[in-house]
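Structure at a glance
Below, each chain spelled out in residue letters.
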There are 2 protein chains.
Amino acid sequence: MSRDGRSGTEGVGPEELWLRPGEPRRGRRPSFSREAITAAAVALADAQGLEVVTMRRVAAEVGAGVMSLYSYAPDKDTLLELMVDHVTGELAVTDPPSGDWRADLKTVARLQRAHMLRHPWLPAALLTHRVPGPNTLAFLEHVLAVLRPSRLDGAAKLEVFAQLTAFVTGHVSHEIAQAAVSRSPERTAAEARYLAAVAADGSHPQLAEALSAPRRPLSPDATFTRFLNRLIDGLDTD
Amino acid sequence: MSRDGRSGTEGVGPEELWLRPGEPRRGRRPSFSREAITAAAVALADAQGLEVVTMRRVAAEVGAGVMSLYSYAPDKDTLLELMVDHVTGELAVTDPPSGDWRADLKTVARLQRAHMLRHPWLPAALLTHRVPGPNTLAFLEHVLAVLRPSRLDGAAKLEVFAQLTAFVTGHVSHEIAQAAVSRSPERTAAEARYLAAVAADGSHPQLAEALSAPRRPLSPDATFTRFLNRLIDGLDTD
DNA sequence: TCTATTCCCGTACTACGTACGAGAATAGAG
DNA sequence: CTCTATTCTCGTACGTAGTACGGGAATAGA
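Residues numbered from 1 in each chain as written. Chains lettered and ligands numbered in written order. Predicted model: local features only at pLDDT ≥ 70, side-chain atom pairs only at ≥ 80, totals over all residues. Heavy atoms only, no water.

What to know about the overall build of chain A
Helix and strand counts for chain A come out as eleven helices and zero strands. Start at the N end of chain A and walk to the C end: the helices and strands fall as α-α-α-α-α-α-α-α-α-α-α. Relative to the globule expectation of 18 Å for 238 residues, the C-alpha radius of gyration of chain A, 22 Å, shows a markedly less compact shape. Projected onto its principal axes, the C-alpha coordinates of chain A cover approximately 75 × 50 × 30 Å. A fraction of 74% describes how many contacts in chain A between residues 6 or more apart in sequence connect residues 24 or more apart. Counting every atom, chain A has about 11,800 Å² of accessible surface; 55% of that belongs to carbon and sulfur. Separation of charge centres in chain A, based on 27 positive and 29 negative side chains, amounts to 4 Å. (Helix = DSSP H or I, 4+ residues; strand = E, 2+ residues; numbered from the N terminus. Rg over C-alpha atoms; globule rule 2.2 N^0.38 Å. Contact = heavy atoms within 4.5 Å. Areas by Shrake-Rupley, 256 points an atom, 1.4 Å probe, with all protein chains shown as cover. Lys, Arg positive; Asp, Glu negative; His and termini not counted. Charge placed at Lys NZ, Arg CZ, Asp CG, Glu CD.)

With respect to the UniProt feature "DNA-binding region" (unreviewed entry) in chain A
The UniProt entry lists residues 54-73 of chain A under the feature "DNA-binding region" (unreviewed entry), expressed in the numbering used here. Strand forms 0% of residues 54-73 of chain A and helix 40%; the C-alpha atoms that close the span are 13 Å apart. (UniProt positions renumbered as here; feature names shortened; annotations may be inferred.)

Notes on the pattern of salt bridges
Counted according to the given criterion, the structure contains 16 salt bridges over all chains. Here Glu90(B) makes a salt bridge to Arg118(B), at a shortest N to O gap of 2.9 Å. Of the two residues, Glu90(B) is situated in the loop between helix 4 (76-88) and helix 5 (101-118) and Arg118(B) in helix 5; the sequence distance between them amounts to 28 residues. Here Glu90(B) falls in the partly exposed class, since its relative accessible area comes to 39%. What you see here is one network of salt bridges that share partners, running through Asp77(A), Glu81(A) and Arg130(A). (Salt bridge = Lys/Arg side-chain N within 4 Å of Asp/Glu carboxyl O. Buried < 20%, exposed > 50% of the residue type's maximum accessible area, 1.4 Å probe, protein only.)

Thoughts on the relation of the copies chain A and chain B
In this arrangement, two copies of a chain are superimposed by a rotation about an axis accompanied by a shift along the axis. Of the two same-sequence chains, chain A is brought onto chain B (RMSD 0.1 Å, axial shift 0.0 Å) by a rotation of 180°. Such a turn and shift between the copies fits a two-fold axis. In terms of proximity to the rotation axis, the leading residue of chain A is Gly170(A), whose C-alpha is 2.1 Å off the axis. A high fraction, 100%, of the interface residues of chain A reappear at the interface in chain B, so the copies pair face to face through one surface. (Least-squares fit on C-alpha atoms with pLDDT ≥ 70 in both.)

Overview of the interface of chain A and chain B
At the junction of the two partners, chain A supplies 66 residues and chain B supplies 66 residues. Connecting chain A to chain B are two salt bridges. Measuring nitrogen to oxygen at the nearest pair gives 2.2 Å for the salt bridge that ties Glu209(A) to Arg148(B). At the surface where chain A touches chain B, the tally comes to 14 residue pairs in polar contact (both at pLDDT 80 or more). Elements supplying a minimum of two residues to the side of chain A that touches chain B: helix 1 (14-18), helix 6 (122-126), helix 7 (134-146), helix 8 (154-182), helix 9 (185-200), helix 10 (205-212) and helix 11 (220-233) of chain A. For the side of chain A that touches chain B, the element with the most residues is helix 8 of chain A, which contributes 17 residues. Tallied by class, residues from the side of chain A that touches chain B come to 37 nonpolar, 13 polar and 16 charged. (Polar contact = N/O pair within 3.5 Å; in protein donor to acceptor, adjacent residues only side chain to side chain. Nonpolar A, V, L, I, M, F, W, Y, C, P; charged D, E, K, R; others polar.)

Overview of the packing of helix 5 (residues 101-118) of chain A against helix 11 of chain A
All names here are of chain A. Between helix 5 and helix 11, the shortest axis-to-axis distance is 10 Å and the interhelical angle comes to 140°. Classified by the angle between their axes, helix 5 and helix 11 sit oblique to one another. In the crossing of helix 5 with helix 11, the sense of the turn from one axis to the other is right-handed. Contacts between helix 5 and helix 11 involve Arg102, Leu105, Lys106, Ala109, Arg110 and Arg113 from the first element and Pro220, Asp221, Phe224, Thr225, Leu228, Asn229, Ile232 and Asp233 from the second. (Axes fitted to C-alpha atoms, helices over the stretch in contact; angles between N-to-C directions. Parallel < 35°, antiparallel > 145°, perpendicular 65-115°, else oblique. Left-handed = near helix turned anticlockwise from the far one by under 90°.)

Concerning the UniProt feature "domain: HTH tetR-type" (unreviewed entry) in chain A
As annotated in UniProt, the feature "domain: HTH tetR-type" (unreviewed entry) corresponds to residues 31-91 of chain A in the numbering used here. In this annotation, residues 31-91 of chain A is assigned 59% helix and 0% strand; the end-to-end C-alpha distance for the span is 29 Å.

Remarks on the environment of Pro14(A)
Note on placement: Pro14(A) falls in helix 1. Exposure remark for Pro14(A): the relative accessible area of 10% places this residue in the buried category. The sequence separation of Pro14(A) and Pro132(A) amounts to 118 residues, and the corresponding C-alpha distance is 8.4 Å. With near-sequence residues (within four places) excluded, Pro14(A) lies in contact with Leu19(A), Val131(A), Ala190(B), Glu191(B) and Tyr194(B).

Written as structure tokens, this is what we have:
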């Protein structure tokens, strides 16, 4: 049996993964640690994107043989799960809620956005359902505390948390994709030429008109805040 | 040179991919078609998820050799792009805008949600930036027409379109992930046990309280509508 | 009929996730 | 100290990806 509590034939359950620390006080001592491996994987993803996070690459980064990783996580998907919870640790908030839960919620959302922009692989990693690890639970706990003064019941609070995260994820995904294009003048120009060509042939009058406007910049930051305000200010009011 | 206009060393640009039809009136006649290949890939993804959409599998489905696909799309990523635009064809709306642009916009969003639920691989495919193909452009054109009566300027209209899509994508991603868990009683039970254990140890009082509530169902449909209304009703008002 | 062009696709290369199992290190029992 | 059970390490190897390459088949105009 390996370091995690994996045993049966089905995938690792949240209980095996997150609960019960290690009791093995015999046999060879581990040369690495889940922490170190996870951190290395996160560093890789931050620097070069999720696609370079391969078992071989992570192992090399840590100085381990490839197969050694499997003593710390049963498969790559689980490693991703560990990565997500790892970075969620950065969202730890110690300030107690101010009492103005709407303002606090906006702060939370802004934190999440900044967080995802710092770890641009997060939206993709969050696409498939993840069981909340300790850091994610701590963050959830904080959001629930923020929502305490609201009139929402338990289920609604959890729903607000999920929806807010979904909103931020959707927004940031788009923001990141956009930024990726902007980073390449080549692609930006090609896309502009393409859209201009489409607008020019007369079949898309509305698009032509929208594109002909002066095209002021519209900072992503301001846009995010605007939509966020819409969403939150209406919460609790029906 | 192959069927698409690919030539240089950089990736396919939108112009090569979407504009100019085929002029090749010589040489062997194509045995397949971009349409058929794309449709087969979509059918696969709909039925069994994006991960079974491999070049080998699609080729087999169509009755082609694997490498033949590369005459119709320069790489797998482009095939994904074709798939996205292909299904976006289903979003073609012929009804003219009613004049109540908020109501129309809500209709559009509901259409998008239904669409993504029917093609659950869409959120993942939309994560990386896609240049809008003809069907996507037609849909965009419709949304812009819907927004005509609003006071928003061109850039703002485009922004609303992007944000709305991002919102729906975020929401549906979460909805799909949730549904995936619910489909397995095994996983659902494991997760419930895990959360109960976490709540029981006293370190997460807010979570414990939220979980102790009667847990009424909260249909995803109603939740979506509620948040959507928040977002749209506030649009144009500042 | 010849030739240029276009498409078809078998072979093969690299890179991935990971199953298997042999060997190394360690802790307790005798 | 020695023996043994346990735990971790990792080389090898298998199956499956995406796709580069290039030879052969089909077609259209000369």
